[in-house]
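Each chain, letter by letter, is given below.
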Amino acid sequence: MKTVSIRLTDKQHYYLSKVAKGEKRTVEHLLWMLIPTGVEFTFCEQAYNLEKLDCDLTDSDRSHLENYPLSSANWGSDYYGNHSWAEDISDNLIADVEGTLVSADAAFDLQVEIDRTNDRKAQRKQDHEAKEAAKKEQEAAQ
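If you're wondering where the values come from, they're calculated on a predicted model, not measured in any experiment.

Parameters at a glance
Residues numbered from 1 in each chain as written. Predicted model: local features only at pLDDT ≥ 70, side-chain atom pairs only at ≥ 80, totals over all residues. Heavy atoms only, no water. Helix = DSSP H or I, 4+ residues; strand = E, 2+ residues; numbered from the N terminus. Rg over C-alpha atoms; globule rule 2.2 N^0.38 Å. Buried < 20%, exposed > 50% of the residue type's maximum accessible area, 1.4 Å probe, protein only. Contact = heavy atoms within 4.5 Å. Lys, Arg positive; Asp, Glu negative; His and termini not counted. Charge placed at Lys NZ, Arg CZ, Asp CG, Glu CD. Patch = residues over 30% accessible without salt bridge, like charges linked within 9 Å, V, L, I, M, F, W, Y side chains within 5 Å. Areas by Shrake-Rupley, 256 points an atom, 1.4 Å probe, with all protein chains shown as cover. Salt bridge = Lys/Arg side-chain N within 4 Å of Asp/Glu carboxyl O. Axes fitted to C-alpha atoms, helices over the stretch in contact; angles between N-to-C directions. Parallel < 35°, antiparallel > 145°, perpendicular 65-115°, else oblique. Nonpolar A, V, L, I, M, F, W, Y, C, P; charged D, E, K, R; others polar.

1. Some points on the overall build of the chain
Moving on, step 1. Looking only at helices and strands, one finds seven helices and two strands in the chain.
Moving on, step 2. Scanning the chain from its N terminus toward the C terminus, one meets helices and strands in the order α-α-β-α-β-α-α-α-α.
Moving on, step 3. For 142 residues, the compact-globule formula gives about 14 Å, and the C-alpha radius of gyration of the chain, at 21 Å, lies well above that figure.
Moving on, step 4. Along the first, second and third principal axes, the C-alpha set of the chain runs to 75 × 35 × 25 Å.
Moving on, step 5. Expressed as a percentage of its 142 residues, the buried residues of the chain come to 18%.
Moving on, step 6. Within the chain, contacts between residues at least 6 apart in sequence are counted, and of these 65% link residues at least 24 apart.
Moving on, step 7. A gap of 5 Å separates the mean positions of the 17 positive and 27 negative side-chain charges of the chain.

2. Digging into a negative patch on the surface
Moving on, step 1. Among the surface-exposed residues, E40, D56, E87, D88 and D91 lie close enough to one another that they form a single negatively charged patch.
Moving on, step 2. Here E40 shows up in helix α2 (residues 27–42).

3. Here we look at the side chain of R124
Moving on, step 1. Take R124: it is sitting in helix α7 (residues 110–141).
Moving on, step 2. Lacking a salt bridge, the buried R124 has D54 as its closest oppositely charged neighbour, with an N-O distance of 4.6 Å.

4. Focus: the packing of α2 against helix α5 (residues 91–98)
Moving on, step 1. At a minimum axis distance of 8 Å, the contact between α2 and α5 shows a crossing angle of 150°. On the basis of their axis angle, the class for α2 and α5 is roughly antiparallel. On α5, the residues touching H29, W32 and M33 of α2 are N92, L93, D96 and V97.
Moving on, step 2. Considering only residue class, the contact of α2 with α5 consists of four nonpolar, two polar and one charged.

5. As for the packing of helix α1 (residues 10–22) against α2
Moving on, step 1. Remark: α1 packs on α2, axes separated minimally by 9 Å, with the N-to-C direction vectors making an angle of 85°. Here α2 runs roughly perpendicular to α1, going by the angle between their axes. On α2, the residues touching L16, S17, V19 and A20 of α1 are V27, L30 and L31.
Moving on, step 2. Partitioned by chemical class, the residues of the contact of α1 with α2 number six nonpolar, one polar and no charged.

6. Describing the pattern of salt bridges
Moving on, step 1. Taken as a whole and assessed by the stated rule, the structure comprises four salt bridges.
Moving on, step 2. Between D54 and R120 there is a salt bridge whose closest N-O contact spans 3.1 Å. Taken together, the positions of D54 in the loop between β1 (50–51) and α3 (59–67) and R120 in helix α7 put the pair 66 residues apart, joining distant regions of the chain.
Moving on, step 3. Given a relative accessible area of 5%, D54 falls into the buried group.
Moving on, step 4. On the basis of relative accessibility, which here comes to 39%, the residue R120 falls in the partly exposed class.
Moving on, step 5. Between E113 and R116 there is a salt bridge whose closest N-O contact spans 2.6 Å.

If you want it as structure tokens, here you go:
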């Protein structure tokens with residue numbers, strides 16, 4: 001679990017705290033709700049490139065990777081695209097209230113997922129290169 005701190009002026013914190021209190025939220029809970037919306041509005045007409053971990057791949061992503069093994073599945077490459085990685089941040093509010101946020105994070109090993117993603121990407125590249133080599137060998141034999 002990581003903690004992010006932001007600097008605010010006293011006045012900015014005062015107003016943010018008032019908004020949070022008006023919504024019956026803590027400042028942290030309010031920010032968890034605001035981040036997904038901020039990402040959606042910031043990147044609604046501007047692309048970014050965020051490679052997905054294998055655990056976040058959809059069936060469509062997997063199909064695409066089978067057809068194009070040297071590509072990667074990303075968020076942010078389509079206008080008005082899906083930002084579910086950011087939308088998931090708002091789920092922290094309920095998890096925090098239910099007391100499951102820390103245990104859910106502890107159950108997820110980010111480094112294992114990063115390694116798995118990199119290994120599968122390398123395997124797709126190796127398989128593709130082997131197919132291409134076999135294809136060239138077959139063409140040379142003809």
